[in-house]
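Below are the chains, spelled out letter by letter.
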Amino acid sequence: MAAVTNRAFRQLCCEQWNLGRGLAPNQAQAADLAHVDAVFVTEMITARAVTARNPKTFNMLQFFPGEFRSVQLYGTDPETLGEAARILIGEFGVRHIDLNFGCPVPKVTRKGGGGALPWKCDRMEDIFRAVVTAAGEIPVTVKTRIGIDDEHLTFLDTGHIAQECGIAAITLHARTVAQGYSGKADWPKIGELKAAVSIPVIGNGDIWEAADARELISQTGCDGVAIGRGCLGRPWLFRDLALPMGVDPYLPTLGEVADMFRRHGELLCEINGEVWGMKDLRKHVAWYFKGFPVGGEWRRQMQLAATMAELEALLAQVDRDAKFPAAEIDTPRGRQGAPRKVHLPYGWLDSRTLGGEEIADDMVEGG
């Protein structure tokens, strides 16, 4: 999730996962994908920006101590993606690359990238082979969607081609690009993909609570789950996911949420200083405190807090014993919106192959 899953948020989520596993919060993760039980992936990084050695992009490639280094990589050109993979592995110690073939944002799809790219089977195969070759022993996975829209489904072709090219696993967000983040995730499609391929299938979409994750696995037989919007303002979701089956979910009091929010701010300030950290924290206020009795004026002041001292003074004002709002349990968070027209390159849907055509390459600016 762009501008959310930076080093600070990944570390916070990992600390919660470790607590659920009965481990020390700062315990290091396993050294390879085959043994790590939870992977915390970076924001989407563009391959062109990596090969251009863009300082803003390189600054995004920060990892917390002991982290299993996993990067989500976006691009449209096989050669550029392969070179980016070599840089990430050789210079940043990355141990896992996840290719983004699911982004529904118009500035991405109109270039033939993200969720639009799987329609072109030949280009998709070229990318898979280029990155798998460049990565060597480092595993490469892919995240995709059901298709562009209901009339242009791609997930089964993507799964088969990924398997043939040596992709280690595939994550399916059970929505089309046209849906964006609206409507309901079509979980049965995850089961359909699981039945069609032999590589691991990770399910994604509408996982708001740990119980949703368990239900998704039960319904589809998928090998694991990917968490997106469900953890916005709720890093403790990973604690719940790590707990044994049958254990009640963790519903923190307002005081406990305040402590976690403070920890988030502390970690953000460690990355690029207090000025940047406090500004970046502002977008998280609504997610963390949704439904709690804190008042509009308090929320406004939190949005204006410029130092950790100001933040701590405001957090000291809350009713620490206030219980978690029951109305917020198992409810959507983050972007939702409505279905919309997918922006694609001219003539994109005329053929399932790209042939010798060139498509617009990805952005060079940081990200």
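In what follows, the structure referred to is the one given above.
Described in the following lines is the structure provided in the data block. Sequence order sets the numbering: in each chain, residues are counted from 1 along the sequence as written. Since the coordinates come from a predicted model, pLDDT governs what is reported: local features require at least 70, and pairs of side-chain atoms require 80 or more to be given and counted, while whole-chain, interface and lining totals use all residues. Hydrogens and water are ignored here; the side-chain numbers use all heavy atoms of the structure.

Moving on, we get to unusual backbone geometry. A positive phi angle, close to 55 degrees, is found at R53, a residue other than glycine. Secondary structure counts use DSSP, requiring at least four H or I residues in a row for a helix and at least two E residues in a row for a strand, with both numbered from the N terminus. Topologically, R53 is positioned in the loop between α2 (47-51) and α3 (55-60). Of note, the phi angle at D330 is positive, near 60 degrees, even though the residue is not glycine.

Glancing now at the sheet that holds strand β1 (residues 44-46). Only strands joined by at least two bridges in the DSSP assignment are considered to pair. Across the sheet, which stays open at both edges, the 7 strands sit in the order β1-β2-β3-β4-β7-β8-β9 with parallel pairing between neighbours. Every interior strand has two partners, whereas the edge strands, β1 and β9 (224-226), have only one. Neighbour-to-neighbour, the strand axes of this sheet turn through a mean angle of 30 degrees, independent of strand direction. Both strand β2 (residues 70-74) and strand β3 (residues 96-101) contribute to a ladder of 4 bridges, which runs parallel. Bridging across to β3, V71 finds its partner in I97. To obtain an axis, a line is fitted to C-alpha atoms, over the contacting stretch when the element is a helix, and the angle between two such axes runs from 0 to 180 degrees between their N-to-C directions.

Quick look at the side chain of R229 now. Relative to the assigned elements, R229 resides in the loop between β9 and α10 (237-242). A simple rule labels every residue: compare its accessible area, found with a 1.4 Å probe on the protein chains alone, to the largest value its type can have, and call it buried under 20%, exposed over 50%, or partly exposed in between. Positive charges come from Lys and Arg alone, negative charges from Asp and Glu alone, with His and the N- and C-terminal ends not counted. Salt-bridge detection follows one rule: a side-chain nitrogen of Lys or Arg within 4 Å of a carboxyl oxygen of Asp or Glu. Buried within the structure, R229 lacks any salt-bridge partner; D206 is the closest side chain of opposite charge, at an N-O distance of 4.2 Å. Only heavy atoms matter for contacts: two residues are in contact if any of them lie within 4.5 Å across the pair. Setting aside its immediate chain neighbours within four residues, R229 contacts M1, R175, Y181, D206, W208, R333, G334, R335 and Q336.

For the pair helix α8 (residues 187-196) and helix α9 (residues 210-220), interaxial distance at closest approach is 8 Å and the crossing angle is 50 degrees. The orientation of α8 relative to α9 falls into the category oblique. The chirality of how α8 crosses α9 is right-handed. In this structure, α8 contributes W187, I190, G191 and K194 to the contact, and α9 contributes D212, E215, L216, Q219 and T220. Broken down by class, the residue content of the contact of α8 with α9 amounts to 3 nonpolar, 3 polar and 3 charged. Note that the term roughly parallel is reserved for angles under 35 degrees, roughly antiparallel for angles over 145, roughly perpendicular for angles of 65 to 115, and oblique for everything else. By the definition used in this description, the sense in which the near helix is turned from the far one sets the handedness, with an anticlockwise turn below a right angle giving left-handed and a clockwise turn giving right-handed. The classification used treats Ala, Val, Leu, Ile, Met, Phe, Trp, Tyr, Cys and Pro as nonpolar, Asp, Glu, Lys and Arg as charged, and all other residues, Gly among them, as polar.

Read these as geometric descriptors, not functional statements.
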